[in-house]
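A look at the structure
In case you want the letters, here they are:
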Amino acid sequence: MLATWVMGSEPPLIELERVGRRYVKKGAPVVALRDVSVRFHAGEFVCISGPSGAGKSTLMHILGCLDTPDSGSYRFAGREVQALGADALAWLRRRAFGFVFQNYNLLESATARENVELPAVYAGLAPGVRRARALELLAELGLERRVNHRPSMLSGGEQQRVAIARAMMNGGRVILADEPTGSLDSKSGEEALRLLERLAAEGHAVILISHNPDVAARAHRRVALLDGRIEADSGPPARLPGVTAFRQGSNAAEMAAIGGLGRLLDRLRTGVASLRANLLRVRRIYAALTTFSMLLGVWVVVTMLSIAAGVYADTLTTMGQLGTNRMQVEPRSRDGERSVDLTLQDAYAIAEQVPNAERVMPLLGQKLTARYGEKSQLVSVEGYIEITAAGASRYAPRLERGRFITPRNNDNIDQVGVIGRAVKDALFSVEADPVGQYIVLDNLPFLVQGLLDGEQSHIGAPGWLGRRQGRFIMVPFRAAAALLLGTDAPQALEITVRDPLKMAATAQAVRELLIRRHGGEGFLISYSSARVEQMGRDRMNLWLGLGSIGLIALLAGGLGVMAIMLMAVSERTREIGMRMAVGARRRDIAQQFVIEAVALAAAGGVLGLLVSLASNPVAQSFGIPTAFSPWILLAALACSAGTGLAFGIAPARRASRLDPVAALAARR
Ligand code: ADP
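Residues numbered from 1 in each chain as written. Predicted model: local features only at pLDDT ≥ 70, side-chain atom pairs only at ≥ 80, totals over all residues. Heavy atoms only, no water.

Let's shift gears to the environment of H41. Turning to its location among the elements, H41 is positioned in the loop between β3 (28–40) and β4 (45–49). Taking relative accessible area as the criterion, H41 reaches 9% and is therefore assigned buried. Here the alpha-carbon distance between H41 and P237, two residues 196 residues apart in the chain, equals 9.9 Å. (Helix = DSSP H or I, 4+ residues; strand = E, 2+ residues; numbered from the N terminus. Buried < 20%, exposed > 50% of the residue type's maximum accessible area, 1.4 Å probe, protein only.)

Most of strand β8 (residues 174–178) is tucked away, with four of its five residues classed as buried. In the sheet, β8 pairs with strand β9 (residues 205–209) via five bridges, with the strands oriented parallel. In the sheet register, V174 faces β9, and the bridge partner there is A205. Handedness of the β-α-β unit built from β8, helix α6 (residues 186–201) and β9 comes out right-handed. (Pairing = 2+ DSSP bridges. Right-handed = clockwise from strand over helix to strand, strands pointing away.)

Within a sheet, each strand pairs with its neighbour through backbone hydrogen bonds, oriented either parallel or antiparallel. Reading across the sheet, the six strands line up as β7-β8-β9-β4-β10-β11 and stay open at both edges, with mixed pairing between neighbours. Pairing within the sheet leaves two strands with one partner each, and these edge strands are β7 (97–100) and β11 (229–233). Averaged over all pairs of adjacent strands, the angle between strand axes in this sheet comes to 20°, irrespective of strand direction. The pairing of β4 with β9 spans four bridges and is parallel. (Axes fitted to C-alpha atoms, helices over the stretch in contact; angles between N-to-C directions.)

For helix α14 (residues 477–485), the full list of buried residues reads F477, A479, A480, A481, L484 and L485. Remark: G486 follows α14 within two positions and exhibits a positive phi of approximately 70°.

Bringing the nonpolar core into the picture now. Counting 69 residues, the largest nonpolar core has I14, L63, Y74, F76, F97, V174 and I207 as its most contacted members. Here the element with the most residues in this core is helix α18 (residues 586–621); it accounts for eight residues. The two domains that each donate at least three residues to this core are domain 1 (14–258) and domain 2 (268–313 + 535–665). Dropping the residues within four chain positions of it, F97 is found in contact with L63, G64, C65, Y74, F76, L92, G172, V174 and L176. (Core = buried A, V, L, I, M, F, W, Y, C linked by side-chain atoms within 4.5 Å. Domains from an automatic or database assignment. Contact = heavy atoms within 4.5 Å.)

Here's what the structure looks like:
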């Protein structure tokens, strides 16, 4: 089946030349390895033994590129390893090595299949391909019925087989195992051993640490360490299996690797899936605390923003009533220029072309005598028409009775009117209903179709033609122009703006438009600028005040996220070490923790939003004005995710900077 080589004709896979490794322990230097020179070939099955402290683990870590020697040289497949950076070492671990640990080091939260897939996730293998390969490996190792079990539901022997399958996942050429049978009963230990023998027969270099004499007896080669030196080495066997049977996993992996964006998406997907599994099953308290700290932060932020928006909306309404959202254009001769004649078309042009102009009302009115029966009264008669870009208006005045003037009344030049309170009092008896009655204006009968409620000063300019006293009648604009006044040239245009803070710019736009239309500046635009400016300042102060409270709350939430993530990192140190051993780069580890922090913070953000919405009626019942807008909700979500990102980076960096060997040695 296999071609064989006589030793020496094939270059060694691993060459150590006078390798040394020292540590400093409690201030004193400790030499873990000294002048170790040894060569291993593909297909060898090597057992390393020696008393505790002899340097076995150190040697394994150096062989597996988790650690680097202080002196001497390490060549893998003919290439010097020491020259490689952290990412290149991770690449080598991913491609060339498979680790099997004594305590299995499986992810508790993941299924057997997911554990086996892990190295391929870091190698960027497409999900379908890696899943198929993991299932194939598990089936090969007799675990086809266990693929969806989590480690806690597997026996020790099964867990070790999962760990071996994981070591084989990327088709690494070297399998490194630390006491692979140490935690197993004799039957499971025998199975694991047979598996490792088979891997060696297929062309892997299998190097294991064991104190077990049975294991040592099965190995092709025994290396004994003592005090950091090789004390005895039985040497490579005379004949080795050929590498023709060597698994082509790594090549297949190379070919099916996915690139760029797909890889990031895959990473996100697996990240979130593992997060979910991890948090729902293992670390509920952490997840709950992180989420809760963000929930509080976002709750405060949203409440503050909604109060700011609510107060602002209130101010807008008040300002609307005071006329701060309006400007007037009147004909006026200036600088020797003739005053212009404003037209109805000017009003239409402004409504259409000036974006901040919400409504334009041409003002056209005159004092006339109104009669009803025996009684008469001098009143202001005003032509009413409302011009908006959108058509509909929210400015229809409140009526005590009847209905207001409709666009249709205007089109038909209907002789109808809506009267103010003072007109009603002057012409009608207290108990009479004026609606449905005809009053006479300038000898023409007008049907009263509505009675205005109260003073209604906010319909138009305050004081305009005595409107404030309610001594006025509104009639359709065209009726006023054609039947009563003999002109349709407005005496003024009143423009209501959407955003009073843009009053100055809007006035400028109107000015330019009218100059274009009339060829001169014979008009005057006026508005209450002091109030508008004050309002802008008030709004700014409000945002600053409430915004900084929100910011502090977010900061507190973010610090909560950070504290909990840092705790999670130290709690999961060994998991991080294992991920590094199977080939995760630093940035993979960092990415994972950032994804976790952002996902938890965003979840907290969503909950915070829900709590804010739920607590809103309470605020309102205390008379606090609040208003929600989609952008407040979006901003809150963005803030929470952003906070997760900002405060997740430090823990993620800490995780990614861990030394793989130290991380693997951690108790948790
Ligand atoms: P073994 O695996 O054979 O028990 P090790 O390789 O773990 O031996 O350790 C060899 C020597 O190096 C021991 O004296 C150990 O105390 C020391 N050593 C190993 N790792 C460290 C470390 N991270 N810091 C300090 N000393 C260490």
